[in-house]
Amino acid sequence: MSLLTQLRLLLWKNFTLRKRQKVRLLVELIWPLFLFFILVAVRATNHPVYKSQCHYPNKPLPSAGVLPWLQGMFCNIQNPCVSFPTPGEAPGQVNNFENSTVTKVLVEVQTLLADPALFSSVKLISDDIGRWSSVLQNANPAAGQAIPLRSLLRTNETFSEYLTNSLSVPNTTAASVMRTRVRLGQLPALSADGDLRSVLCGPSVDRILEFNSTNEKQVFQNITCSLTANQLLQARQVFMQNLDNMKLLNALPLALGLNRLEVAVLMTQTSSHIAPLATGMSNFRFSELLSAADSLDFRSDPFGSLSQLMCGTDFNMTSRVAMRSASTESVQQNTTVDSTNTTSTNTSEFCKNLTETLESTSSLRLLWKTFQPFLQGKVLYAPDTNLTRSIVTEANRTFDALAKLGDLAEAWLANEDVTWDFFNNSTQINSLRVLLKNPVLAPVLDQQLEETGLSTALISNFLFNGPESERPAGMPAFDWRNVFNATSGAAQQLTQILSCFDLDKFEGVSTEALLVEQALNLLNQDRFWAGVVFSDLNPDDPRTPAHIRYKIRMDIEDTERTDKTKERSWYPSARANPFNDLHYVSGGFVYLQDMVDRGIIKVQTGVSQPLGVYAQQMPYPCYMDDAFTSSIGTMLPMFLVLAFISSASLIIKNLVLEKELRLKEVLRVVGIQNTSMWFCSFIENMVLLSIPCALISILVK
């Protein structure tokens, strides 16, 4: 027989055997698909996720300023990803935190300090207060004239209607009251904190009012003595509201025996001086400082309030970066508490408690680990020469600005007694208190302050220095003493906190070997930031080199490794993890480099660097995040081996069984060639394996 005839007969034989063993044939075809059915089910529940483009806020370096630098470290602690360009990417703009409360407050303070008219107005008003006090002290009410009550009221006054409608005073009696003459010099007796009933119902009423007859006086006192204290206060308020300020001012010199021209000039000057201050007070109603005081609550929501203050946004601890860094934080949590070492540069009880609180509180530990090297870490430099000392002095300017805050707080604490005495019992403040309660001048000032939302009553309440029992009814229990105590407490806390930190960062050593030795000691104390080694410097050469070379040495855990490839396999997504991918930033390498560069520029040129540096991470384009494909890429070969291992076992079993039963020898006896048997076995197995492979391809597709 020919080879083809033998092959055809063998294939027919094997096909007949397969038809008789239907279960085995089905298993050989279906079993390789079993694992891939599982993969298809997993794939159906894990779809690709569309990832939009990622834009990252820039990182301000110390040369950009202390506040932007602190904002960048705090607000970018998680390196948030946004799908739109950040404000710092726009041309001509670098700051991403223009909407933060602290930035807006500083802009307002800067605008306030840049306005010389406001401070000059305060000084001029202080002089005016002294002049008014002098004028009123020299006044001679006895030489003045009484003024008809009606001539002091507005043309369309409502006081007479109030008497007849609200107090049920007859029309004739109300007309008689309106004709009564008033001695303006005695009006302070009718101040809000005085006893109106004792003044108006007693014989002392003759010092204030001048009646046409005894009968009119008797009728007037019958009315006033029948009114309650609240009705008298309400009548006084309506009377003050109906006063015409211009008529009052015109009548004031005549009533007090003053020089009309002198009073008019003084009043004109005072009004012109009050106008800028009134405008500033009007703007102060919408101040960011007041908004922050109302909206920020550091007791119930410290992180949210601090984030709103520094960044203008809410602090989100559930972002994807925080989730990815959870393991890192847990490692930090296990290594933070060390009872044998102290991380504070100050051994006071306050500093120890502060450090322990920051290290043991889970919500503060991440912030503390971020800021600790910059607040307590030391920067060693070598060699210690005149040139390197001048460089590091300029580099330390960033921390000198923080130290100035402590100096300012200490200056407040050193002068708080003087400040207290000034507001409590100084001549100027006491004169201002008297003028604000003067019923003649108070309506004039209230008219000037009408659009500002303030009044003489509110200002007088703020300057109140008596016991709480004597505070006017209806006034808030808040005055200058609350502000003073809060400021003193904040200054005390600030000085205590800053004393726990080492703001003199740089320490010189003679050689690099000694630098390494001291760095190891500081690492054991958790007080090492970095080391700076200047190379190719001649200590005997007084000239500044044209090129200054230096290297920064840091703990390997705080910076990037350069001795191996960190990621051998590529996968889509940016290197944006602040704890694993941005060691140069989070460890402080670029911050220190920026400070040293600024110091070198200052030493070489003699001019401070005029521009601040911001580091901007490159945006990452959009992509499809397919976790299934990334995972199955390395597992697919193993799945293929497991899928076809049963088929391979059956093939080997058939070959062994054929040799064991000597079936091959029987076929050779009847004339079947060995080549035909091998071709038949190859074709049969290839067909049985090709069908599952085709079905697998369809399933995977």
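Residues numbered from 1 in each chain as written. Predicted model: local features only at pLDDT ≥ 70, side-chain atom pairs only at ≥ 80, totals over all residues. Heavy atoms only, no water.

Peer 1: Tell me about the sheet that holds strand 5 (residues 209-210), and name the residues and values.
Peer 2: Read from one edge to the other, the open sheet built from 3 strands follows the order 3-4-5, with strand pairing classed as antiparallel. Looking at strand neighbours, the two that pair on one side only are strand 3 (147-148) and strand 5, the edges of this open sheet. Bridging between strand 4 (residues 181-182) and strand 5 involves 2 bridges; their strand directions are antiparallel. Of the residues in strand 5, the one forming a bridge with Arg181 is Glu210. (Pairing = 2+ DSSP bridges. Helix = DSSP H or I, 4+ residues; strand = E, 2+ residues; numbered from the N terminus.)

Peer 1: Can you lay out the nonpolar core for me, pointing to particular residues and giving the numbers?
Peer 2: Side chains of a nonpolar character, in soluble globular proteins, are inclined to be buried together. Ranked by internal contacts, the top residues of the largest apolar core, which has 48 residues, are Trp529, Phe534, Tyr591 and Leu592. If you list the elements that add at least two residues to this core, you get helix 3 (66-75), helix 17 (349-360), helix 18 (362-376), strand 6 (378-382), helix 19 (386-395), helix 20 (397-414), strand 8 (528-535) and helix 28 (589-605). Sequence-distant contacts of Tyr591, that is, excluding residues within four places in its chain, are made with Pro60, Leu61, Pro62, Trp69, Met73, Phe374, Trp529 and Val585. Listed in part, the 31 residues of the second largest apolar core include Leu167, Met178, Val238 and Leu243. (Core = buried A, V, L, I, M, F, W, Y, C linked by side-chain atoms within 4.5 Å. Buried < 20%, exposed > 50% of the residue type's maximum accessible area, 1.4 Å probe, protein only. Contact = heavy atoms within 4.5 Å.)

Peer 1: Explain the sheet that holds strand 9 (residues 549-553) to me, and be specific about the residues and the numbers.
Peer 2: Spatially, the 4 strands line up as an open sheet ordered 7-6-8-9, and their pairing is mixed. With one partner strand each, in any of the chains shown, strand 7 (506-508) and strand 9 form the two edges of the open sheet. Across the sheet, the axes of successive neighbouring strands diverge by a mean angle of 25 degrees, strand direction being ignored. Bridge count between strand 8 and strand 9: 5 bridges; the pairing is antiparallel. Bridge pairing in strand 9 places Phe534 opposite Tyr550. Against the sheet, helix 19 contacts strand 6, strand 7 and strand 8, and its axis sits at roughly 155 degrees relative to strand 6. (Axes fitted to C-alpha atoms, helices over the stretch in contact; angles between N-to-C directions.)

Peer 1: Please provide a residue-by-residue account of the UniProt feature "transmembrane region" (unreviewed entry) in the protein chain, values included.
Peer 2: The sites that UniProt annotates as "transmembrane region" (unreviewed entry) are residues 25-44, 635-656 and 677-700. Between the C-alpha atoms that bound residues 25-44 there is a distance of 29 Å. The span itself is 100% helix and 0% strand. Between the end C-alpha atoms of residues 635-656 there is a gap of 31 Å, over a span that is 100% helix and 0% strand. (UniProt positions renumbered as here; feature names shortened; annotations may be inferred.)

Peer 1: Outline unusual backbone geometry, supporting the account with residue identities and numerical values.
Peer 2: For the bond running from Ala382 to Pro383, omega is -5 degrees, close enough to zero to count as cis. Among the secondary structure elements, Pro383 is positioned in the loop between strand 6 and helix 19. Even without being a glycine, Asp526 presents a positive backbone phi close to 60 degrees. Of note, Asp526 is situated in the loop between helix 26 (512-524) and strand 8. When its relative accessible area of 34% is taken as the criterion, Asp526 is described as partly exposed.

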